[in-house]
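So the chains spell out like this:
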Amino acid sequence: MLARKSILPAREVLQPSALAAAVKSAAASYKPKPTLKVPSLDELPEVPKNLHKRLELIARVQLAGFLERSLEDVPATVMEYTTTDISAALSIAGVQVKSGTSKRAVMSVVVTETESLMTWSRLEGLLLHWAVSRKGPPAERWELPPRGWKTLPESTVDAGGAWQSTLEKHPLPEPDGTLGPAPMYTMMISVPLEGPLAEGGMIFVLKSGSTGQNTKWLKDAATKSDFYLDLQKLKAV
């Protein structure tokens, strides 16, 4: 009987020296995804005890740090909201940044619960579900943003007619400068002011919790509708 020949290709075995070289090369080329730093409030003369004012300050400090400017050099427009379903506060600090003939909106987003009813955060896994609208409010329809938009963290996925961006979880700075047990969720977003955003704004809702029974879609408590952010009203820097 003839011996059966293997039809499987022979495996290439890396020698220890070649394997070490491959690992070293991979380590040298590895670049971790950029993340947001917790805004430091230590150098500020006074940190507000009022939660909404503190969120506003955190959003402004984070925006200034992202733009690599001092807080005084960034006259940000700040929008404050509360949410439906879960008692949470949302602060957005934004500016228009001009570069030649083009301009873009750059915004810092900070969210936290205003009432903690659980031992865990009900905002866990918070996502910004967003698009743009030529008119609003109320926005007539959701449209995808013009090309060239960016988010930080960079975790954004296509949600079918909208984008879903992850907010990063950090400890919430306390009035005494320490980092308290309560969490906050932050992100940066930058969009070109062209196409539908030449005259329109950003429309969004917040999605909290994992899939299933714990999922909540959070809207603007004042209007009981989607959040709308008029990007044309942001101050220019």
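For the structure itself, look to the data block above.
Novice: Sorry, what's going on with the overall build of the protein chain here?
Specialist: The helix and strand inventory of the protein chain stands at two helices and 13 strands. Across the protein chain, the fraction of contacts at a sequence separation of at least 24, relative to all contacts at a separation of at least 6, is 65%. For the protein chain, the computed accessible surface area is about 14100 Å², with 54% contributed by carbon and sulfur atoms.

Novice: Would you take a moment to explain the nonpolar core for this structure?
Specialist: Proteins that are soluble and globular tend to have nonpolar side chains buried together. Membership of the largest hydrophobic core comes to 31 residues, with the highest contact counts inside it found for Met107 and Leu231. Taken together, the elements giving at least two residues each to this core come down to β1 (77-82), β2 (88-99), β3 (102-113), β4 (127-133), β9 (179-192), β10 (201-208) and β12 (227-229). Not counting chain neighbours up to four residues away, the residues in contact with Leu231 comprise Gln96, Ala105, Met107, Val191, Leu193, Leu197, Gly200, Gly201 and Met202. Membership of the second largest hydrophobic core comes to 22 residues, among which are Leu63, Leu71, Ala89 and Val95.

Novice: What is the right way to read the pairing of β1 from this model?
Specialist: Regular strands place their side chains on alternate faces of the sheet. Only one face of β1 is buried: it carries Thr77, Met79 and Tyr81, and the other face, with Val78, Glu80 and Thr82, is open. Across six bridges, β1 lies against β2 in antiparallel orientation. Each residue of the ladder has a partner; that of Val78, found in β2, is Ala93. Following β1, the chain reverses through five residues before pairing antiparallel with β2; Asp85 in that reversal takes a positive phi of roughly 70°.

Novice: Please clarify how helix α2 (residues 51-66) should be interpreted in this entry.
Specialist: Each turn of an α-helix holds 3.6 residues, which means side chains three or four residues apart point in the same direction. Given a rise of 1.5 Å per residue, 16 residues ought to cover 22 Å, and the 22 Å separating the end C-alpha atoms of α2 matches this to within 8%. Of the residues making up α2, those classed as buried are Leu51, Arg54, Leu55, Glu56, Leu57, Ile58, Ala59, Val61, Gln62, Leu63 and Ala64. The elements touched by buried residues of α2 are β1, β2, β3, β8 (168-173) and β9. The opening residue of α2 is Asn50, an N-cap whose side-chain oxygen sits 3.0 Å from the backbone nitrogen of His52.

Novice: Can you help me understand the side chain of Glu113 in this one?
Specialist: Turning to its location among the elements, Glu113 is positioned in strand β3. At 3.4 Å, the side chain of Glu113 forms a polar contact with the side chain of Ser121. Polar side-chain contacts of Glu113 include one of 2.8 Å to the side chain of Arg122. Residue contacts for Glu113: discarding those within four places in its chain leaves Leu51, Ile86, Ser87, Ala88, Trp120, Ser121, Arg122 and Leu123.

Novice: Explain the pattern of salt bridges here, please?
Specialist: Oppositely charged side chains can pair when the atoms bearing their charge come close. Evaluated as defined, the whole model comprises six salt bridges. Here Asp226 and Lys219 are joined by a salt bridge, their closest N and O atoms 3.8 Å apart. Taking the relative accessible area as the measure of exposure, Lys219 reaches 31% and is therefore partly exposed. Bridged by salt links that share partners, the residues Arg134, Arg141 and Glu143 form one connected network.

Novice: Looking at this structure, how should I read the pairing of β2?
Specialist: Within β2, ten of the twelve residues are buried, leaving the element largely enclosed by the surrounding structure. Inspection of the sheet shows β2 paired to β3 by twelve bridges, in the antiparallel sense. When the sheet's bridge partners are listed, Gln96 is paired in β3 with Ala105. Where β2 folds back on β3, the antiparallel hairpin that results is connected by two residues, among which Gly100 adopts a positive phi of roughly 70°. In the sheet, β2 pairs with strand β13 (residues 235-236) via two bridges, with the strands oriented parallel. Bridging from a neighbouring strand, Gln96 pairs with Ala236 of β13.

Novice: For this particular structure, what's the right way to read the side chain of Thr83?
Specialist: Inspection of the secondary structure puts Thr83 in the loop between β1 and β2. Under the relative-accessibility criterion, Thr83 is labelled buried at 8%. Looking at Thr83, its side chain comes within polar contact range of the main-chain oxygen of Ile86, at 2.5 Å. The contacts of Thr83, once residues within four sequence positions are left out, are Ala88, Leu206, Leu218, Lys219, Ala221 and Phe227.

Novice: Can you walk me through unusual backbone geometry in this structure?
Specialist: It is generally the case that most residues other than glycine have a negative phi and that most peptide bonds are trans. With an omega of 5°, the peptide bond running from Leu152 to Pro153 counts as cis. Structurally, Pro153 is set in the loop between β5 (150-152) and β6 (156-158). We note that Lys224 has phi near 60°; this positive angle belongs to a residue other than glycine.

Rules and cut-offs
- Numbers given to residues run from 1 along each chain, matching the order in which its sequence is written.
- Restriction of local features to residues with pLDDT of at least 70 applies here, the model being predicted, together with a cutoff of 80 or more for giving and counting side-chain atom pairs; totals for whole chains, interfaces and linings are based on all residues.
- To get the side-chain values, all heavy atoms of the structure are used, and hydrogens and water are removed first.
- Each helix corresponds to a stretch of at least 4 residues labelled H or I by DSSP, and each strand to a stretch of at least 2 residues labelled E; elements are numbered beginning at the N terminus.
- Two residues qualify as a contact provided that any one of their heavy atoms is within 4.5 Å of a heavy atom in the partner residue.
- Residue exposure ignores everything except the shown protein chains as possible cover, and the areas themselves are Shrake-Rupley values with a 1.4 Å probe.
- Nonpolar cores are built from buried Ala, Val, Leu, Ile, Met, Phe, Trp, Tyr and Cys residues. Side-chain atoms within 4.5 Å join them into one set.
- Working definition: with a 1.4 Å probe on protein chains only, accessible area under 20% of the residue-type maximum means buried, over 50% means exposed, and in between means partly exposed.
- Should DSSP find at least two bridges between two strands, the strands are taken to pair.
- The span one expects for a helix is its residue count, reduced by one, times 1.5 Å.
- Side-chain atoms alone can form a polar contact between residues adjacent in sequence; in general such a contact is a pair of N or O atoms within 3.5 Å, and within protein one must be able to donate a hydrogen while the other accepts it.
- By definition here, a salt bridge exists when the distance from a side-chain nitrogen of Lys or Arg to a carboxyl oxygen of Asp or Glu is within 4 Å.

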